[in-house]
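# Examining the three-dimensional arrangement
Here's the letter readout for the chains.
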Amino acid sequence: MRAVAVSAFGEKPQLMDLPQPEPGPGEVLVRLSAAGLNPVDWKIADGMFGDAMPVGFPLVLGSDGAGEVLAIGEGVRRFTVGDAVFGQFQRPEQGGGSYCELAVTDESRLAHAARSVTYATSAALPTAGMTAYNLVEETRVTEGTRVLIVGATGGVGTFVTQLAAGRGAEVIATARPAKAELMRTLGAAETVDHTAGPLADQVLAAHPDGVDVLIDMIGGPAEFAGLTRTVRDGGTAVSLIGSADADELTEHNLRGFNFVNRPSPQLLEILAGHVDAGRLTVLVGREVSLEEAPEALESSRTGRAQGKTVLAV
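A short tour of the structure in this document, coming up. The model shown is predicted, which means the values in this text are computed figures rather than measured ones.

### So, the pairing of strand β13 (residues 231-239)
Strand direction decides the pairing type here: strand β12 (residues 211-216) and β13, joined by 5 bridges, are parallel. In the sheet register, Val211 faces β13, and the bridge partner there is Val231. Taken together, β12, helix α7 (residues 221-227) and β13 constitute a β-α-β crossover, and its handedness is right-handed. Pairing analysis gives 4 bridges linking β13 to strand β14 (residues 255-258), with the strands arranged parallel. Within β14, the position partnered with Thr236 by the bridge is Arg255. Viewed along the sheet, the connection from β13 through helix α8 (residues 246-251) into β14 turns out right-handed.

So, in structure tokens, the structure goes:
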């Protein structure tokens, strides 16, 4: 089968011909139609997680995918051959991922795909969608909460914007002028151009009393610390890339933490239900071929992705 993989950490991903995997007990074999690209894909390929993530080579990249169940292993009860499914396929220790034609994953990492959208759309949903849903839950966003989302036009950011607005929150989303109208259609009450001047100054000029929640997808420790002054006393500040110093935030009477995602099949089902009910729009920014995956991964490194990139398998 065709797959995009690396033979060692730091190597450029290549299109390879690899053996077809077979499902073991509790596992499902899926003929993938699409795979979603996430920044964690190239981070795994670079070996950024060290000994915390053992891997087998060749390592097929990618976690998110959607397609049709081709075979099931012993003990699988939730799926049958022919089911349309989506979920997460990254299994580094076994060298498995989603940038391929056929992938195996545990039954517990899949759900039935949304009926109203294509496989490409479903493949863009799992990691970013579950991250966004858990972020909104863990920051306790409710009606009337004022939320500043930094990095709002990316995959996670567009989902957080919609989910927070759906709960009645007042969302302030960072966006360049060309994307401002899009973010408003997704539920942002207002946007702020992070290229027009210091972001914290702009937010505080418009909202002197600050925000209740800061969700920062992209800022390093210094940038994140600077943005926390936008958060009102007793508010919450969260970093997606490990930039939060919880002790320092506590000293300033802020609740802060570095976010760790907690995926589940139940959460995948909730997201598919939101999509089918029209409560969640999945923005596919680019759709590229497997052959174009290396270039797409390089583009992801810039951190300027607009919406989600999907590989058409």
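### Focus: the environment of Leu61
Along the chain, Leu61 turns up in the loop between β4 (59-60) and β5 (64-72). Residues Leu61 and Leu254, spaced 193 residues apart in sequence, show a C-alpha to C-alpha distance of 38 Å. Contact partners of Leu61, with chain neighbours within four places excluded, come to Val4, Ala5, Val6, Pro13, Asp41, Ala45, Gln90, Gly97, Ser98, Tyr99 and Leu297.

### Section: the pattern of salt bridges
A complete count under the given rule lists 14 salt bridges for this structure. Across the pair Arg91 and Glu27 runs a salt bridge whose closest N-O atoms are separated by 2.7 Å. You can see Arg91 sitting in the loop between β6 (84-88) and β7 (102-106) and its partner Glu27 sitting in strand β3 (residues 27-36), a full 64 residues away along the chain. The exposure class of Arg91 is buried, given its relative accessible area of 14%. Judged by relative accessible area, Glu27 falls into the buried class, the value being 14%. Glu295 is paired through a salt bridge with Arg286; the nearest N and O atoms lie 3.0 Å apart. Look at Glu295 and you get partly exposed, because its relative accessible area is 43%. Residues joined in a network through salt bridges with shared partners are Arg146, Glu170, Asp209, Asp212 and Arg232.

### A few points about the packing of aromatic side chains
Evaluated as defined, the whole model comprises 1 aromatic pair. Between Phe9 and Phe57 the ring centres are 5.2 Å apart and the planes differ by 80 degrees, which places this aromatic pair in the edge-to-face class. Here the residue Phe9 occupies a position in the loop between β1 (2-6) and β2 (14-17), and Phe57 occupies one in the loop between α1 (39-45) and β4, the gap between them amounting to 48 residues. The exposure class assigned to Phe57 is partly exposed, which follows from its relative accessible area of 39%. Here Lys43 stacks its cationic end above the ring of Trp42, 5.7 Å away from the centre of that ring. Between Arg167 and the ring centre of Tyr133, over which it is positioned, the NZ or CZ distance is 5.7 Å.

### A look at a negative patch on the surface
Negative charge collects at one region of the surface, where Asp245, Asp247, Glu248 and Glu251 lie side by side. Take Asp245: it is sitting in the loop between β13 and α8. For Asp245, a relative accessible area of 40% puts it in the partly exposed group.

### Description of the sheet that holds β2
Pairing within the open sheet is antiparallel, and its 3 strands lie in the order β2-β1-β4. Strand pairing shows two members of the sheet lacking a second neighbour, β2 and β4, which therefore form its edges. Here 2 bridges tie β1 to β4, and the two strands are oriented antiparallel to one another. Of the residues in β4, the one forming a bridge with Ala5 is Val60.

### Quick word on the packing of helix α3 (residues 126-138) against helix α4 (residues 155-166)
Between α3 and α4, the shortest axis-to-axis distance is 8 Å and the interhelical angle comes to 45 degrees. By the angle between their axes, α3 is oblique relative to α4. Judged by the twist between their axes, the crossing of α3 over α4 is right-handed. Judged by residue contacts, Ala128, Gly129, Thr131, Ala132, Tyr133, Leu135 and Val136 of α3 engage Gly155, Val156, Phe159, Val160, Leu163 and Ala164 from α4.

The rules behind the values
Residues numbered from 1 in each chain as written. Predicted model: local features only at pLDDT ≥ 70, side-chain atom pairs only at ≥ 80, totals over all residues. Heavy atoms only, no water. Pairing = 2+ DSSP bridges. Helix = DSSP H or I, 4+ residues; strand = E, 2+ residues; numbered from the N terminus. Right-handed = clockwise from strand over helix to strand, strands pointing away. Contact = heavy atoms within 4.5 Å. Salt bridge = Lys/Arg side-chain N within 4 Å of Asp/Glu carboxyl O. Buried < 20%, exposed > 50% of the residue type's maximum accessible area, 1.4 Å probe, protein only. Phe/Tyr/Trp six-rings, centres within 6.5 Å; stacked < 30°, edge-to-face > 60°. Lys NZ or Arg CZ within 6 Å of the ring centre and 35° of its normal. Patch = residues over 30% accessible without salt bridge, like charges linked within 9 Å, V, L, I, M, F, W, Y side chains within 5 Å. Areas by Shrake-Rupley, 256 points an atom, 1.4 Å probe, with all protein chains shown as cover. Lys, Arg positive; Asp, Glu negative; His and termini not counted. Charge placed at Lys NZ, Arg CZ, Asp CG, Glu CD. Axes fitted to C-alpha atoms, helices over the stretch in contact; angles between N-to-C directions. Parallel < 35°, antiparallel > 145°, perpendicular 65-115°, else oblique. Left-handed = near helix turned anticlockwise from the far one by under 90°.

Everything listed is a geometric property; what it means functionally is a separate question.
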